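What follows is the residue order along each chain.
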Amino acid sequence: MAENAVATRKRCGTNDIVSDGDVKRKNAARDMDPAAALALTRHEFGEHGGVNMSIEASATFTVMEPETLRRMFAGELGPDRDFFIYSRHFNPTVLNLGRQMAAMEGTEAAYCTASGMSAISSVLLQLCSSGGHVVASNTLYGGTHALLSHFFPRTSNINTTFVDIDDLESVESAIVEGKTKVLYFESVANPSLKVANIPELCRVGHAKGLTVVVDNTFAPMVISPARLGADVVVHSISKFISGGADIIAGAVCGPASLVNSMMDLHQGALMLLGPTMNAKVAFELSERIPHLGLRMKEHSHRALVFATRLKKLGVKVIYPGLEEHPQHQLLKSMANMEYGYGGLLCIDMETVDRANKLMSLLQNDVQFGFMAVSLGYYETLMSCSGSSTSSEMTAEEQRTAGISPGLIRMSIGYIGTLEQKWTQMEKALTRFNDTHPIP
Ligand SMILES: *Cc1c(COP(=O)(O)O)cnc(C)c1O
């Protein structure tokens, strides 16, 4: 049995991210449902025949012949043939998680990083040189917005023009030919829940030779940006993919040539900046990906039920699953069937005071959820975006990004029963209205 498993592992070891024999299977995975593609990825067994893979916890790897080391450093022998150098470079366990991410997103390859921000910063530094230019959506995660508007201009002379991605003409006219390298946006924006028209944005970007990079953190399984034309998909794995609110991690999913270039010994952003994921963390995350689809369905189901009922009560709710959401039809046309419209909804309470009062009731009076940033946890997490995760943006920038001061972003959890949770929500709203009648 153990011998068998080792043999299988070795046989499959030739079937990694960079091998040509893999291309047909990868092309097929491009058109597939993410769960179907995940089920077809190679299953790595443990060293002793375990149903789960072994963790390759080594920082360094040994060889039988001195010549092998030289050939590995010369790039002649690589992970596609089960040759590994050092775990800041490719590590087998992290690579396995990368294979799952690539299957889920329908990209040729993927590699995982220590955080979502390091995935984003590394891939942008790989794609843009000093003097380069990025066109990005004006509604982005606060950290990414700060990276593009403050950090890159100061440290790397990479500048960004922020545009309304609904307006394809303004996207097109912001592109400076020869200078703009990347078009960057979020599939579903944090926290505005604005949905990007991925096929059209890719058409505009590709016509001018840009690499289209999409942050899919808010909609894993729900949307597959690469299947809709995007070149690169980045993730904060810390959110839905982890699901446990216990790990910070990220991923870059894209062409094998890009992933390999990011590991280049002389020019690679992952190899040289070193935002390395620990193999033990990669193992943990690999065990959670098989039930990501189930979790997303339940997050989405509950978010849709709550959004529908909140709307009926006259609460100002933003959810892309509601007919009235400006991009509802667009999302419907892009989304993978079965996973719903995502697990996030926003309640616009108009002022910070009203938002804080409602969150306090929801957490401290009725146990509906927790006041915390982040998302994708089994408990409901809620935060007032303007004064937390988007506080890097000025008041003006927040206005353009569609962030009202009283906007509560809620990541709907799946703990407890749906009706139990809804009763808590109703109770909190009744108590709120007793003291703060809705204007
Ligand atoms: C959280 C988040 C990030 C950053 O990810 P980390 O894992 O916290 O570094 C990037 N983009 C979006 C949309 C996020 O929500």
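Residues numbered from 1 in each chain as written. Predicted model: local features only at pLDDT ≥ 70, side-chain atom pairs only at ≥ 80, totals over all residues.

It is worth spelling out the nonpolar core at this point. Counting residues in hydrophobic clusters, the biggest one holds 130 residues, and the most contacted among them are Cys 112, Val 252, Leu 345 and Ile 408. Each residue touching Ile 408, except ones within four places of it in the same chain, is listed here: Cys 346, Ile 347, Met 349, Ala 355, Leu 358, Met 359, Met 382 and Cys 384. (Core = buried A, V, L, I, M, F, W, Y, C linked by C-beta atoms within 7 Å. Buried ≥ 20, exposed ≤ 12 C-beta atoms within 10 Å, placed from the backbone. Contact = placed C-beta atoms within 7 Å.)

On to the site of the ligand, then. For the ligand, the set of nearby residues contains 16 residues, the closest of which are Ser 115, Gly 116, Met 117, Tyr 141 and Ser 236. Elements with a minimum of two residues in the shell around the ligand: α6 (116-127) and α7 (142-156). Of the residues assigned to the shell around the ligand, the class counts are four nonpolar, nine polar and three charged. (Near = placed C-beta within 6 Å. Helix = DSSP H or I, 4+ residues; strand = E, 2+ residues; numbered from the N terminus. Nonpolar A, V, L, I, M, F, W, Y, C, P; charged D, E, K, R; others polar.)

Taken in spatial order, the seven strands line up as β1-β7-β6-β5-β4-β2-β3 in an open sheet, and their pairing is mixed. Looking at which strands have only one partner, the edges of the open sheet turn out to be β1 (109-113) and β3 (159-163). The mean angle between the axes of side-by-side strands here comes to 20 degrees, regardless of whether they run parallel or antiparallel. In the packing of α6 onto the sheet, the strands contacted are β1, β2 (133-137), β4 (180-186), β5 (211-215), β6 (232-236) and β7 (250-254), and the crossing angle to β7 comes to about 40 degrees. Across the sheet, α7 touches β2, β3 and β5, and the angle it forms with β3 is around 145 degrees. (Pairing = 2+ DSSP bridges. Axes fitted to C-alpha atoms, helices over the stretch in contact; angles between N-to-C directions.)

Spatially, β8-β9-β12-β11-β10 is the arrangement adopted by the five strands of the open sheet, whose pairing is mixed. Lying at the two open borders of the sheet, with one neighbouring strand each, are β8 (317-318) and β10 (370-371). Across the sheet, helix α13 (residues 292-312) lies against β8 and β9 (344-348), angled at about 20 degrees from β9, the strand it touches most. The sheet contacts of helix α15 (residues 352-365) involve β10, β11 (381-384) and β12 (407-411), and relative to β11 the element is tilted by about 160 degrees.

Another point: the pairing of β9. Most of β9 is tucked away: four of the five residues are buried. Bridge count for β8 against β9 is two bridges, and the pairing is antiparallel. Within β9, the position partnered with Ile 318 by the bridge is Cys 346.

As a packed pair, α13 and helix α17 (residues 418-435) sit with axes 11 Å apart at the nearest point and diverge in direction by 35 degrees. Crossing hand, α13 versus α17: right-handed. Counting all contacts with α13, which are made through Arg 302, Val 305, Phe 306 and Arg 309, the residues of α17 involved are Leu 418, Trp 422 and Met 425. Taken together, the residues of the contact of α13 with α17 sort by class into five nonpolar, no polar and two charged. (Left-handed = near helix turned anticlockwise from the far one by under 90°.)

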